[in-house]
Amino acid sequence: MELREVTLLNFDNTYREQPQLSRVANQWIELQDIPGTNLYCSGQAWQKLTERIPEKTGRGITFIGNGNHHYVTYLFLQKFHQPFTLVLFDNHTDSQPLMGSKLLSCGSWVAEALGNLPFLQKVFLVGTCSKSKAFPSRLKNKIVLWLNRQWDQLVSAIPTEDIYISIDKDVLDRADAITNWDQGNMRLADLLAALGRLACRKKVLGVDVCGELPVSPAEVWSHRNELKRNETANLSILQQILSS
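Below or above, wherever it landed, is the structure these notes cover. (Residues numbered from 1 in each chain as written. Predicted model: local features only at pLDDT ≥ 70, side-chain atom pairs only at ≥ 80, totals over all residues. Heavy atoms only, no water.)

1. Looking at unusual backbone geometry
Phi at N13 takes a positive value of approximately 65°, unusual for a residue other than glycine. With respect to the helices and strands, the residue N13 is situated in the loop between strand 1 (6-10) and helix 1 (19-24). Here D94, not a glycine, exhibits a phi torsion of approximately 50°, which is positive. (Helix = DSSP H or I, 4+ residues; strand = E, 2+ residues; numbered from the N terminus.)

2. A short note on the sheet that holds strand 4 (residues 61-65)
Strand pairing within a sheet occurs via backbone hydrogen bonds; the two strands may be parallel or antiparallel. Reading across from one edge, 2-1-4-10-9-5-7-8 is the order of the eight strands in this open sheet, with parallel pairing throughout. Whereas interior strands pair on both sides, the edge strands pair on one side only; in this sheet they are strand 2 (27-30) and strand 8 (143-146). In this sheet, neighbouring strand axes are inclined to one another by 20° on average, regardless of whether the strands run parallel or antiparallel. (Pairing = 2+ DSSP bridges. Axes fitted to C-alpha atoms, helices over the stretch in contact; angles between N-to-C directions.)

3. Some details on the environment of D33
Following the sequence through the fold, D33 ends up in the loop between strand 2 and strand 3 (40-41). D33 sits 21 residues away from D12 along the chain, and the two C-alpha atoms are 9.7 Å apart.

4. Things to note about the side chain of T14
For T14, the location among the structural elements is in the loop between strand 1 and helix 1. You can call T14 buried: its relative accessible area is 6%. At a separation of 2.7 Å, a polar atom in the side chain of T14 contacts the side chain of D12. Excluding residues that lie within four positions of it along the chain, T14 makes contacts with G65, E212, L213 and P214. (Buried < 20%, exposed > 50% of the residue type's maximum accessible area, 1.4 Å probe, protein only. Polar contact = N/O pair within 3.5 Å; in protein donor to acceptor, adjacent residues only side chain to side chain. Contact = heavy atoms within 4.5 Å.)

5. Here's the deal with the side chain of D208
As for its placement among the helices and strands, D208 is situated in strand 10 (residues 203-210). It is K169 that comes nearest to the buried, bridge-free D208 among opposite-charge side chains, at 10 Å. Looking at D208, its side chain comes within polar contact range of the side chain of Y164, at 2.7 Å. Aside from chain neighbours lying at most four places away, what touches D208 is T62, I64, H70, T73, F76, Y164, I165, S166 and I167. (Lys, Arg positive; Asp, Glu negative; His and termini not counted. Salt bridge = Lys/Arg side-chain N within 4 Å of Asp/Glu carboxyl O.)

6. So, the packing of aromatic side chains
What the rule picks out here adds up to five aromatic pairs. Aromatic pair Y15 and F63: ring centres 6.2 Å apart, planes at 75°, arrangement edge-to-face. With Y15 in the loop between strand 1 and helix 1 and F63 in strand 4, this residue pair connects regions lying 48 residues apart in the sequence. Each member of the pair Y15 and F63 is classed as buried. Aromatic pair F124 and W146: ring centres 6.3 Å apart, planes at 50°, arrangement tilted. You can see F124 sitting in strand 7 (residues 120-126) and its partner W146 sitting in strand 8, a full 22 residues away along the chain. (Phe/Tyr/Trp six-rings, centres within 6.5 Å; stacked < 30°, edge-to-face > 60°.)

7. A closer look at the packing of helix 6 (residues 188-201) against helix 7 (residues 224-243)
Packing of helix 6 against helix 7 brings their axes to within 9 Å, and their N-to-C directions diverge by 20°. Between helix 6 and helix 7, the angle is such that the two are roughly parallel. Classified by chirality, the crossing of helix 7 by helix 6 is right-handed. On helix 7, the residues touching L188, L191, L192, A193, L195 and G196 of helix 6 are A233, S236, I237, Q240 and I241. When the residues that make up the contact of helix 6 with helix 7 are grouped by side-chain class, the tally is eight nonpolar, three polar and no charged. (Parallel < 35°, antiparallel > 145°, perpendicular 65-115°, else oblique. Left-handed = near helix turned anticlockwise from the far one by under 90°. Nonpolar A, V, L, I, M, F, W, Y, C, P; charged D, E, K, R; others polar.)

8. Observations regarding the nonpolar core
Ranked by internal contacts, the top residues of the largest apolar core, which has 36 residues, are L9, L49, I53, Y71, L77, W109 and L120. Contacts of I53, omitting those with residues within four sequence positions, involve L9, I29, L31, V72, L75 and F76. Ranked by size, the runner-up nonpolar core spans 35 residues in total, among them F124, W146, V209 and I237. (Core = buried A, V, L, I, M, F, W, Y, C linked by side-chain atoms within 4.5 Å.)

Pasting the structure below:
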């Protein structure tokens, strides 16, 4: 990966409760004052996000916050101008477009990216075990549901040299992370092994991570163990990426 800077996007204050991760970050981008960003992103909010998030962000390692803002990955993907594959670790397909709406959402951004970004060749959805694995039939040749844990086979199946990696920690078993969405059963050790294989054998254009647990200030103490678990997972993912 050309740029190894660590960026924290502050939509929801979740990283204020992760001091070790905050200390290693190169930049903190304040976004929580922008209305119209939770779950769905309005056109006005999108414009403000594009103005506030620097052009280079997305070419390093970006922590997004909770999964309600996963659509920000779309902003990063549109910056690339060479054929690439998105490798998405997520318990959900995020591929259901909002019919009749111009809004971008955390559940539609993959479908929108495949429909609008010509350099995005394919999406590999890894670890999805949610009951809803559906996506539009027009995307069936562009989306691969990768359900096994054969990481060397995964790397060999990816058709491009360049990849972008996006991780929603809801793909993980609750023993390794706690999110605000239903979760899968992948263990953190499996995710780290996959990242190691991908980083060694492919050119990684960028990495982002979401899946934090948003809590109010009054709830921080009662959720301290879950918040620590998430920080541990984030630091492990970061270390694996930086050491590969």
